[in-house]
Amino acid sequence: MRVSAQEFTHIGHMDENQDRSAILTAPYGERTLLVVADGLGGHSGASLAAQTVIDTAKRLWRQKAQPSKPEDFLQRLALESHAAINDAARSTGLEPRTTLAAFLAMGSSVLSVHAGDSRVMQINHDGLVKQTLDHSIARIKVLSGAISEEELATHSDQKRLYSHLGGEEDPHFEITRWDLSAGQRFVVCSDGFWEIFPVAEIQSLFDAHDPGRTLATGFREKLASLKSHDNTTAILAQVQPGPRVVWYWAAVAALAALAALTLGQPGNVAAEPPALPVPLGHPEAAGTASARRATRTVVPRMGPTGPSGLLAVPALAAQVTTSEGAESGSEGSRPSTAIPNERIQVRPADLVIPDGELAASVVEEELRQAGRLGPDDALKPQGESSSLGRMSSHRLQQMHQGIPVFAAEVVATTSGTRVISVQGHTASNIDIDTNPANDYAETVALAGASVQDKLEPDGDGSLVILASGNDHHLCWLGIVAVNGVQQRLILDAKTGRILLRLPVSLD
């Protein structure tokens, strides 16, 4: 596997560039590691934290240039960087914190690890294929439907992070596997880059004769129109599969062609096509970010991600963590994850939008026929569709009998009258009574009695359906003061159990 990469960094309007990056290659270029670290400006020692990540990556690369398992190498990079940052904190008296985004191409494997809002993005000629999900409060609001994908880059909570390297808590990071057949162009970047460069412009960078120079010129032009902008770092990489990868996908194509011929013969039965890796990111259409401070705030962690790559917020079964970290009232069993685990992939040739029809209704019927939606489910458009030329992106929230299913949504991309991509998650086979056994106030009272804490609702709650594996719960979602501290809770409407706790934005 060959990787050609160029890196770019700029101080922006800041007094110091707290971003760091590195491109590390093994002899003959068979293995490549791309690393970006963005020191958190709201903490002392931001540059120290970012530089420590790069130093750790270089040390590990020299010590273990041929890791037996790419996942093990990336995990070691995150853990040892975290430990080294904390060592530096103890010796300097500072509080260094940083994000991490690292991309590893080795053999036939392409993987990444990230923590925070530094991203890895996969691009092809049609646009964004997939991207890592930022560990920010704004990203949680996108997943819960509170804001749109297009609002994320400029939202006030975008720089409120619940995951980073450095600090007393164990590091939380995600490892993502990438499918080269879907796209061979990758970007590893800090938030200063993806906030102001939409996907269409990133595509044009790869098509330029000199991507590095084109990026530098484009950034200077953007910077001149902004009153304030953060440090900006990006590594643009083009990955060329090695012979084994090329052979593998050639074999897949040959088998597909053979299947197309044989399925047309009498007596043959069409089988379900094999599931291919599914792009999970949302198409970006955000414009230039408005000027704002680069300082980021660390907020409580929300837990690890599930196997799908989407954020798996830890479900708390009747548990409330006190300010000292102790838990009380741990009754009942915990749902394993709060994110619907059925991934969606619709083949482009399947869907055409008739005149007068909406993308939502066409995609809804397709998913229903595929068993991904039930007869009482619907897809509701969220916000305005975003367009780029003939292509449009439509964000669709799953509803069950008119009640939103938490974090169950798909993004349908259309070109003219054809749906060319459907990505996301749904929850199927929902079979619950949608009439709550208790109203919101009664449910909060049940929760308070269960955990033996003082719970007071702040405003009204709204009904949501929480999918947890094969189980579904009718819940109340609302802001509750727990011993005087505001939290966003999802409460089982029948038992009052606290199934999910989300952070609430603070002033």
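Cut-offs used in this document
Every residue gets a number counted from 1 within its own chain, in the order that chain's sequence is written. In keeping with the model being predicted, local features are shown solely for residues with a pLDDT of at least 70 and side-chain atom pairs are shown and tallied solely at 80 or more, while totals for entire chains, interfaces and linings include all residues. Computation of side-chain values covers all heavy atoms of the structure but excludes hydrogens and water. Every helix listed is a DSSP run of H or I at least four residues long, and every strand listed is a run of E at least two residues long, numbered separately from the N terminus. Each residue is assigned to one of three classes by its accessible area relative to the maximum for its type, calculated with a 1.4 Å probe on protein chains only: buried under 20%, partly exposed between the two thresholds, exposed over 50%. What makes two residues a contact is simply this: any of their non-hydrogen atoms within 4.5 Å. To be clear, the arc concerns the directions from the helix axis to the C-beta atoms. Pairing between strands is defined by DSSP: at least two bridges between them are needed. Grouping buried Ala, Val, Leu, Ile, Met, Phe, Trp, Tyr and Cys residues that are joined through side-chain atoms within 4.5 Å yields what is termed a nonpolar core. Here an axis means a line fitted to C-alpha atoms, over the contact stretch when the element is a helix, while the angle between two N-to-C directions is reported on a 0 to 180 degree scale. Two N or O atoms count as a polar contact when they lie within 3.5 Å, although within protein this holds only if one can serve as hydrogen donor and the other as acceptor, and sequence-adjacent residues are included solely when both atoms are side-chain atoms. Only rings of Phe, Tyr and Trp enter the pairing, Trp through its six-membered ring, and a pair is recorded when the two centres are within 6.5 Å. The plane angle decides the type: under 30 degrees is stacked, over 60 is edge-to-face, the rest tilted. Definition used: whenever NZ (Lys) or CZ (Arg) falls within 6 Å of the ring centre and also within 35 degrees of the ring normal, the charge is taken to sit over that ring.

### Quick notes on the overall build of the protein
For step 1, the next point in the chain: Counting its secondary structure elements, the protein contains nine helices and 26 strands.
For step 2, the next point in the chain: Looking at the protein as a whole, 54% of its 507 residues are labelled buried.
For step 3, the next point in the chain: Long-range pairs, those at least 24 residues apart, make up 66% of the contacts in the protein between residues at least 6 apart in sequence.

### Structural notes on helix H5 (residues 199–207)
An α-helical turn contains 3.6 residues, so a residue and the one three or four places further along point in the same direction.
For step 1, the next point in the chain: Of the positions making up H5, those classed as buried are Val199, Ile202, Gln203, Leu205 and Phe206. Along the axis of H5, the buried positions cluster into a sector of 155°, meaning they face one direction only.
For step 2, the next point in the chain: Those residues of H5 that are buried are in contact with strand S6 (119–124), strand S7 (127–131), strand S10 (185–189), helix H4 (191–194), helix H6 (211–224) and strand S11 (232–240).

### Description of the pairing of S10
Side-chain positions along a regular strand alternate between the two faces of the sheet.
For step 1, the next point in the chain: The element S10 is extensively covered by neighbouring structure, given that five of its five residues are classed as buried.
For step 2, the next point in the chain: Side chains Arg185, Val187 and Cys189 of S10 all project onto a buried face; the interleaved residues Phe186 and Val188 project onto the opposite face, where all are buried too.
For step 3, the next point in the chain: Pairing of S6 with S10 involves five bridges; the strand directions are antiparallel. Counted as the bridge partner of Met121 is Val187 from S10.
For step 4, the next point in the chain: By the bridge criterion, five bridges tie S10 to S11 in an arrangement that is antiparallel. Note that in S11 the partner of Val188 across the bridge is Ile235.

### Description of the environment of Phe197
For step 1, the next point in the chain: Within the secondary structure, Phe197 is located in the loop between H4 and H5.
For step 2, the next point in the chain: Between the C-alpha atoms of Phe197 and Gly218, which are 21 residues apart in sequence, the distance is 9.2 Å.
For step 3, the next point in the chain: For Phe197, the contacting residues outside a window of four places in its chain are Ile202, Leu205, Leu215, Gly218, Phe219 and Lys222.

### Concerning the nonpolar core
For step 1, the next point in the chain: Counting residues in hydrophobic clusters, the biggest one holds 27 residues, and the most contacted among them are Leu33, Val35, Leu74, Leu100 and Ala102.
For step 2, the next point in the chain: Those elements giving two or more residues to this core turn out to be strand S2 (19–25), strand S3 (31–38), helix H1 (46–63), helix H2 (70–92), strand S4 (100–106) and strand S5 (109–115).
For step 3, the next point in the chain: Excluding its chain neighbours within four sequence positions, the residues that come into contact with Leu100 are Val35, Val36, Val53, Ala78, Val113, His114, Ala115, Ser118 and Leu165.

### With respect to the sheet that holds S3
For step 1, the next point in the chain: Read across the open sheet, the five strands follow the order S2-S3-S4-S5-S9; overall the sheet is antiparallel. Across the chains shown, the open sheet's two edge strands, defined by having one partner strand only, are S2 and strand S9 (174–177). The average undirected angle you get between the axes of adjacent strands in this sheet is 10°.
For step 2, the next point in the chain: Across six bridges, the pairing between S3 and S4 is antiparallel. Among the inter-strand pairings, Leu33 is bridged to a residue of S4, identified as Leu104.

### Comments concerning the environment of Ser112
For step 1, the next point in the chain: Position of Ser112 relative to the elements: it lies in strand S5.
For step 2, the next point in the chain: Sequence spacing of Ser112 and Thr132 is 20 residues, and the spatial spacing of their C-alpha atoms is 8.9 Å.
For step 3, the next point in the chain: If sequence neighbours within four positions are ignored, Ser112 has contacts with Leu74, Ala102, Phe103, Val120, Thr132, Glu174, Ile175, Thr176 and Trp178.
For step 4, the next point in the chain: Side chain to side chain, Ser112 and Trp178 meet in a polar contact 2.9 Å long.

### Quick notes on the packing of aromatic side chains
For step 1, the next point in the chain: In the structure shown here, the tally under the stated rule is six aromatic pairs.
For step 2, the next point in the chain: Each ring, one from Phe193 and one from Phe197, has its centre 4.8 Å from the other, and the planes form 15°; the classification is stacked.
For step 3, the next point in the chain: Taken together, Phe103, Trp178 and Phe186 form an aromatic cluster joined through their ring pairs.
For step 4, the next point in the chain: In this structure, Lys130 is placed above the aromatic ring of Trp178, and the distance from its NZ or CZ to the ring centre is 4.9 Å.
For step 5, the next point in the chain: In this structure, Lys222 packs its charged tip against the face of Phe197, placed 5.0 Å from the ring centre.

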